[in-house]
Amino acid sequence: MIKVGLCGFGSMAKGHAQMLQLHDGVELVAIADAVEENRKKAAAQYGVKVYESGEELIDAGGLDVVFVVVPTYLHNPLTIRALNKGCHVFCEKPMALNPQLCQEMIDAAKKADKALMIGQVLRFWPEYVFLKNTIDSKLYGKLLALSMQRVGGVSTGWQGWYLDEVRGGSQLFDRHIHDADAILWMLGKPKEVYAHGCSRDPRTGGGVFHSFTEYYYNDDMVVSAEGSSDTVEGFPFTATYRAVFEKAVVEFDCRRKPTVLVYAGAEPFAPEMEGGVEDLKSGMNIKNAGPYFFEERYFFNCLKKGIKPETVTPESAMQSIAMVRAEVESAKTRKPVKLQ
Ligand SMILES: NC(=O)c1ccc[n+]([C@@H]2O[C@H](COP(=O)([O-])OP(=O)(O)OC[C@H]3O[C@@H](n4cnc5c(N)ncnc54)[C@H](O)[C@@H]3O)[C@@H](O)[C@H]2O)c1
């Protein structure tokens, strides 16, 4: 039995706790959270041992795996602590707020010879896997244009950490990181990024909470992404992409059924893709928790086989952090930034 400890019992960790019940040979045995009410809920719902902090949970020992699902500024210290204690770690995205912190996590995983996987969930999301496969196979010829969007309302989180650039890194690190990571995963590293941003809600303190980024690869392809956690209440969370190929347009819209349509002839068609775990009440801004289940399943399958996860290596997650850092710099200086 793989014994799992969960650091955090906020909105995302509650989803992970539900999904952790669904894997064979995996047992959630402990949960830590800084808020007493969350600890009470965790104990009542799962009958597990509860701790006031992730640090205490890790130090208590007896775990094979630690899930780090706490505010982003705590990813580095809790991940390294768990690896040093001899545990494998699944850490939510974004890996950390700068490449140096990521490198420390990678070094700790290497030293401990343990698996470290970051929850870059789009790499397990059927609609995005479909797009990557379509690009790789060149089924519809070369990709000429890709635009992505991830737009929704304001997140505050525990002690307002989402709104604080030092603890949360702003929307670019939190929400937009999904598309930034998907762009790197699908297309590799661009030569240059050019980002613009603004904010609406006064609680954001003027950080970049609505952003547009252009990614420059070459003169034959245009790539852009819009990210926001700054829309007015009532506007529904929206994730989309439109990929223009030489011989087709592939379009995804999370608010439409079917979510993906391929325009490659007289009538558009909806390609088949793996379904989800529809009945989870995840509390997340998506109706279908399937991809989160898929990433967990992949992680545990790697552990069961004794191999390190390759679909998201910590090095590739660090690359996404480095690129988003460059986007923040670009948005602040209002200049394009070349990537090393
Ligand atoms: N993959 C995704 O789509 C996705 C979606 C949402 C959030 N996330 C990520 O999940 C992480 C958590 O986000 P959230 O929305 O659940 O935040 P949240 O603010 O809802 O919850 C964070 C929880 O961490 C607890 N906490 C704080 N310090 C702690 C410590 N030292 N030990 C144990 N618990 C501690 C708090 O009490 C709080 O309940 C973030 O990194 C976020 O980026 C990922």
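To be clear, the structure that these remarks concern was listed above.
Of all hydrophobic cores here, the largest spans 105 residues; its most connected members are Phe-67, Met-95, Leu-146, Leu-187, Tyr-241 and Phe-300. Viewed by domain, this core spans two of them, domain 1 (2–119) and domain 2 (126–285 + 312–338), each represented by three or more residues. Those residues in contact with Leu-187, other than ones at most four positions away along the chain, are Ile-135, Leu-143, Leu-146, Tyr-217, Met-221 and Val-223.

This paragraph deals with the environment of Asp-174. Its place among the elements puts Asp-174 in helix H8 (residues 171–174). Residue classification places Asp-174 among the buried positions, given a relative accessible area of 11%. Apart from residues no more than four positions distant in its own chain, Asp-174 is found in contact with Lys-93, Trp-161 and Tyr-162.

Before going further, it helps to spend a moment on the pattern of salt bridges. Scanning the model with the defined rule gives 16 salt bridges in all. A salt bridge links Asp-230 to Arg-200, with the shortest nitrogen-to-oxygen separation between them at 3.9 Å. In this pair, Asp-230 sits in strand E10 (residues 221–231) while Arg-200 sits in the loop between strand E8 (192–198) and strand E9 (210–218), placing the two residues 30 residues apart along the sequence. For Asp-230, a relative accessible area of 3% gives the class buried. With a relative accessible area of 45%, Arg-200 lands in the partly exposed category. One salt-bridge network, in which partners are shared between bridges, spans Arg-242, Glu-251 and Arg-256.

Close contact between helix H1 (residues 11–19) and helix H10 (residues 290–305) brings their axes to 10 Å; oriented N to C, the two are set at 65°. The interaxial crossing formed by H1 with H10 has right-handed handedness. On H10, the residues touching Met-12, His-16 and Met-19 of H1 are Tyr-292, Phe-293, Glu-295 and Glu-296. Considering only residue class, the contact of H1 with H10 consists of 4 nonpolar, 1 polar and 2 charged.

The two faces of strand E6 (residues 116–119) match: Leu-116 and Ile-118 on one face and Met-117 and Gly-119 on the other face are all buried. Relative to E6, strand E5 (residues 88–92) is paired through 4 bridges, and the arrangement is parallel. Looking at E6, one finds that Val-89 is bridged to Leu-116. Between E5 and its parallel partner E6, the chain crosses via helix H5 (residues 99–112), and the hand of that crossover is right-handed.

Quick look at the packing of H1 against helix H2 (residues 36–46) now. As a packed pair, H1 and H2 sit with axes 12 Å apart at the nearest point and diverge in direction by 10°. The orientation of H1 relative to H2 falls into the category roughly parallel. Packed against H1, whose contacting residues are Lys-14, Ala-17 and Gln-18, the element H2 presents Asn-38, Lys-41 and Tyr-46 at the interface. Split by residue class, the contact of H1 with H2 holds 2 nonpolar, 2 polar and 2 charged.

Rules of the game
- Residues numbered from 1 in each chain as written.
- Predicted model: local features only at pLDDT ≥ 70, side-chain atom pairs only at ≥ 80, totals over all residues.
- Heavy atoms only, no water.
- Core = buried A, V, L, I, M, F, W, Y, C linked by side-chain atoms within 4.5 Å.
- Buried < 20%, exposed > 50% of the residue type's maximum accessible area, 1.4 Å probe, protein only.
- Domains from an automatic or database assignment.
- Contact = heavy atoms within 4.5 Å.
- Helix = DSSP H or I, 4+ residues; strand = E, 2+ residues; numbered from the N terminus.
- Salt bridge = Lys/Arg side-chain N within 4 Å of Asp/Glu carboxyl O.
- Axes fitted to C-alpha atoms, helices over the stretch in contact; angles between N-to-C directions.
- Left-handed = near helix turned anticlockwise from the far one by under 90°.
- Nonpolar A, V, L, I, M, F, W, Y, C, P; charged D, E, K, R; others polar.
- Pairing = 2+ DSSP bridges.
- Right-handed = clockwise from strand over helix to strand, strands pointing away.
- Parallel < 35°, antiparallel > 145°, perpendicular 65-115°, else oblique.

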